[in-house]
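Architecture at a glance
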Amino acid sequence: MRPIFQKLLHTTCLAGLVVLPVAAHAEDDSITSKSAAQSSDSDDGSSSTDAIIVTGSLISRPNAAAAAPVLSVTNEAIKAQAAVNIEEVLNRLPQVAPDSQQGYQDSDGRQRIKLRNLGFERTLVLVDGKRLGTMNGEDVGMIPTALVKRVDVLTGGASAVYGSDAIAGVVNFVMDNNFEGLQLNANYNFYLHNNRNGTAAKTAKSYGFDSASGLSADGGRSDISLIGGTKLLDGRMHVQGYIDYRKASLVRYSDRSTSACQLTQTGDGDLGCTTSTYNEQGYFSPTTGDNAGTVYANDPSNPGSFTPYSSDYAANPYDGYSLQRANQRLNAGGFMTFEISPAATVYFNGMWFRDKSSNPYPARIYSYTAYGSTPYTINCDNSYLSSQQATALCGSAAGTSQSVSSEVRYRFSDVADQDDKYLNSGIRLSSGVRGDLGHTWTYDVGGVWARNRNEYMWAYPNYDRINQAINGCPDGSDSGCIPIDIFGNTTTSTNQAAFDWLLDGQYGHYTNLSNLYDLSGTVQADLGSYGIQSPWASTGVGLAFNVEYREDHLDVTKDANWIEYNGGDAEAHYSQAAWEGMVELQVPIVEDKPWARTLQFNGAYRLSKYTSNPSLFSTFKTEAIWSPISDITLRASFNRAQRAPTVVEQYQAEATSYGNIDTSFNDPCAPTVTTTYDASGNPVTSYGEPAASLEACEATGLDASLYGSTTLLCPDETGCTYKSGGYTVDPETAYTKTLGMVLTPSFLPGLSLSVDRFFIDLDNAIGYNDYTYFTNGCIATGSDFFCSAFVRNADGTLYSDASSNPSTGYIRQGTTNYYKSKSHGWDIQAQYRVDLGAKAGRLDFDFAGSLTTLAGGQDSPILAKYNCVGYYGGSCGQLIPKWMHQFRTTWTGPDDQVTVSLNWRFIGPLTNVTNSGKTSLGWSEGNERSTYYHIPSYNYFDLAVGFRVAKSFGLRFSVNNLFDKDPPVIPNSYSYALSRNNTLGARYDSLGRQVAISTTVDF
């Protein structure tokens, strides 16, 4: 057991022993304050063992007015959406930048939250007011949806209260930890989608690719949970536990007509499909001999013969990719509270999860360039070669014991996909003791230990075994060799077993292990007991002190296979500790006077010392609340915070690794390339002007004589090389301001309306900048700030063997500081209830909208400020529309027997930066697009119907995306959203209509 965890347990036990002697003395004095707390919680059935959870403050005053905007999502709303995981619910909130971690190919599968599009590391996630886990290492999928009482989303800064991580806000999961009885929750949903003959389908068919058509029912997902809880010892002790199993089925790109192929477009040219020379007929090209450079394929109409390769044989490389991953997840855990006396309640909760998912890739024999510079060797007397094929490859040496060096690319048609594998697991334990110390003071001392493990596994088939297998396993082959016929001359295939042999022992393992150790103690008081209060207020000054010690650890390990593929070090260990102290005040100035109903000032100050930085950080907040009359409340807050880089950001900045850039990218100083094939199958290449100017290329260290030289072109199969890491990251400073108004008009009972203006400004912002950031900046400015990221070889090239940890021949990328980042806008919330009478039930209206006025900043002092609101592409990525909202209308029948709920989701329009008219976003005169540059506004409607069949049995039916609206068509989508399915998959419903049936059974 780690020393810090021992401290956590010892501290918790010690706190319990300290308060026991005073328990009897404090019991009588606690009755009044505890009764007040019970009264405030009576609607949800809370007991005296529950803590009052107030998001945004450590001063737990029930019914206190909030100075910062808080959006709450109730358990009923979660059930209405038939959500399998909580990520889906939060992704639909306008304040959340959506992120579908099980819905795109390059994700590691963890589910995280980012408010205001400011990154995971600036959104603090809490469970009952305590940290879920390490920043970036956590997975909110471990939270059981059936036990979530509500989710509070605080969308203003909360760094002074919770720590500097809460720059964009806080997401606090308030759990139902007072459950009694036995409850089964079951949810099954699937997609019912009509595959239309749209743009992607028509384009795919023109390339000879298949496209899904007609009605499909697929993507089944199930979620089954069992919850049990009971009270013991005359209600002073409560225990409960849960287990939750989830499973999702694979949905491939080929299962949707909207992703029939990856659409590409250059300028306003015709749409095309990405194609691959890895195809079922093969790609064979001798590199020596009489026919060197000629490219052949197996002739499908004449087995056993070669025919000149042409683009007609090119394959769809992404048809098997996952729109929805196949995955399985198991969650389990429990909660316990034991009230020793009003002065001491011991609490504990534990959560555990294990999630396994995979991404399929076509089973292939990769080009030799994926392994190095040595071509494959094909024996000229290979028994799988016909005489015609042997002559094509070997010329006059056909049939002899000689061999020929050759390029080989092949995609198997009779072999199951090769899977990239992801295994995420974690455990979170939280325990402590809380209680009342007399009439005035309360305390809460406890801690959290959270451990998350993320393991990623992928492989290349073994190069030497490929050489042996395609030659029929000649003498000297490795034990277990199984021949592979890639020349189409056998009728009985052993390719599956052979491919399994090629992969045996080849999977590389990359593991992230993160640990959080968090000790925290809070004492708070209502100083009114001492007469410390305003003469115009009935409530005294509220005071809270908090001390916290926190350790974050990140351990990264890579096995030998991973290092062989990607280079880098076998191990990396990073840690960071923080000591923090905080004081918070709530000062009511005026309460319930004829001339002012409420006037209150709040403040907090936090000091932080991180081991990763020599400086002492300070964070503070000031807040004001004024209600001139009961109908109107005005509120304002200001937060200043300094945030040190997380251990993950430290790792991303400092640790070095190498890899290859997607082959669609090339050296901007090399000529642009267009390749076609002639009738004989030989490639025909034409060259255009480089993307960068001569001056910019010289700033990258390129000799002027090499400008536009074809020698600069990166290899077709491996691409250019990148180096990640090797940077030093400094802290960032954030300023968060909110101004708002809450209206609860007495002339319209049941209505509540709030409008809040927010400003989040980051200086010296920490962020991950990939090769495109430096490339685009260098092309645009020629500045050393960007162009110095190009580290060229002596011959000017930007490609090296990534596994050799090269010192030159790459473009840099990694986590750095990049000047300023900003997010400004308005949040609007409204709730309204109308009683229709005892026989007609009631109507509830719930609205949440967000108007973003600024999302951008300034990447460096030499670049112009930019605003990405309403735009996508370029440096804006997929960012956020100007306006988004959700509007749910719910009718509840008499005696709550039936509910019908309709939710309207609105997503505002987006325009490509090429048509922005703003040079700061990459617009230039003459380069505007006339096609596929605009995404119109989108309206989705979700319907949910619930029945209370019996007192202990509820049944719900839900349909999300009721009208099965197709997502917008976006060519080159990978450039915007790391997804090749021709849309922004996290923001728009890319799988179509979702149908769900769910039930709750109480025993």
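Residues numbered from 1 in each chain as written. Predicted model: local features only at pLDDT ≥ 70, side-chain atom pairs only at ≥ 80, totals over all residues. Heavy atoms only, no water.

For the protein, an unreviewed UniProt entry supplies the name TonB-dependent receptor and the organism Novosphingobium organovorum. Listed in UniProt under the heading Subcellular location (unreviewed entry), the comment for the protein reads: "Cell outer membrane". Looking at the protein in UniProt, the text filed under Sequence similarities (unreviewed entry) is "Belongs to the TonB-dependent receptor family." (UniProt positions renumbered as here; feature names shortened; annotations may be inferred.)

The next thing to look at is the state of the cysteines. The full count for this structure, using the stated rule, is 7 disulfides. In this model Cys-380 forms its disulfide with Cys-394; the gap between the sulfur atoms is 2.2 Å. With the S-S dihedral at roughly -100°, the linkage between Cys-380 and Cys-394 falls on the left-handed side. In this pair, Cys-380 sits in the loop between strand E19 (376-379) and helix H7 (387-394) while Cys-394 sits in helix H7, placing the two residues 14 residues apart along the sequence. Each member of the pair Cys-380 and Cys-394 is classed as buried. (Disulfide = S-S within 2.5 Å. Helix = DSSP H or I, 4+ residues; strand = E, 2+ residues; numbered from the N terminus. Buried < 20%, exposed > 50% of the residue type's maximum accessible area, 1.4 Å probe, protein only.)

Following the criterion strictly, the structure yields 5 cavities of 30 Å³ or more and no others. Looking at the second largest cavity, its volume works out to about 180 Å³. Every residue lining the second largest cavity is counted, 14 residues in all, and those nearest its centre are Lys-79, Ala-83, Thr-145, Asn-187 and Arg-956. Looking at the lining of the second largest cavity, the elements with two or more residues in it are helix H3 (75-80), strand E6 (181-195) and strand E7 (214-232). Residues of the lining of the second largest cavity, tallied by class, amount to 5 nonpolar, 6 polar and 3 charged. (1 Å grid on protein atoms, 1.4 Å probe; cavity = no way out; pocket = protein on both sides within 12 Å on 5 of 7 lines; lining within 4 Å. Points joined across faces, edges and corners; volume = space filled by probe spheres on them. Nonpolar A, V, L, I, M, F, W, Y, C, P; charged D, E, K, R; others polar.)

Time to look at the UniProt feature "short sequence motif: TonB C-terminal box" (unreviewed entry) in the protein. Here, the residues flagged by UniProt with the feature "short sequence motif: TonB C-terminal box" (unreviewed entry) are residues 986-1003. Between the first and last C-alpha atoms of residues 986-1003 the distance is 38 Å; the span itself is 0% helix and 50% strand.

Evaluated as defined, the whole model comprises 38 salt bridges. Across the salt bridge formed by Asp-319 and Arg-411, the nearest N and O atoms sit 2.9 Å from each other. Taken together, the positions of Asp-319 in the loop between strand E14 (306-308) and strand E15 (322-324) and Arg-411 in strand E20 (residues 403-411) put the pair 92 residues apart, joining distant regions of the chain. You can call Arg-411 buried: its relative accessible area is 12%. Residues Asp-756 and Arg-635 are paired through a salt bridge, measuring 2.8 Å at the closest nitrogen-oxygen approach. (Salt bridge = Lys/Arg side-chain N within 4 Å of Asp/Glu carboxyl O.)

Another point: the environment of Tyr-810. With respect to the secondary-structure elements, Tyr-810 resides in strand E37 (residues 810-817). Note: C-alpha distance between Tyr-810 and Ile-779 (31 residues apart in sequence) is 17 Å. When near neighbours in sequence (up to four residues on either side) are disregarded, Tyr-810 contacts Tyr-658, Thr-721, Tyr-722, Lys-723, Ala-789, Phe-790, Val-791 and Leu-798. There is a polar contact of 3.4 Å between the side chain of Tyr-810 and the backbone oxygen of Ser-807. (Contact = heavy atoms within 4.5 Å. Polar contact = N/O pair within 3.5 Å; in protein donor to acceptor, adjacent residues only side chain to side chain.)

Here the focus is the sheet that holds strand E3 (residues 130-131). Within the open sheet, the 5 strands sit side by side as E1-E4-E5-E2-E3. Their pairing is mixed. Bordering the open sheet on either side are strand E1 (70-74) and E3, each of which pairs with just one other strand. (Pairing = 2+ DSSP bridges.)

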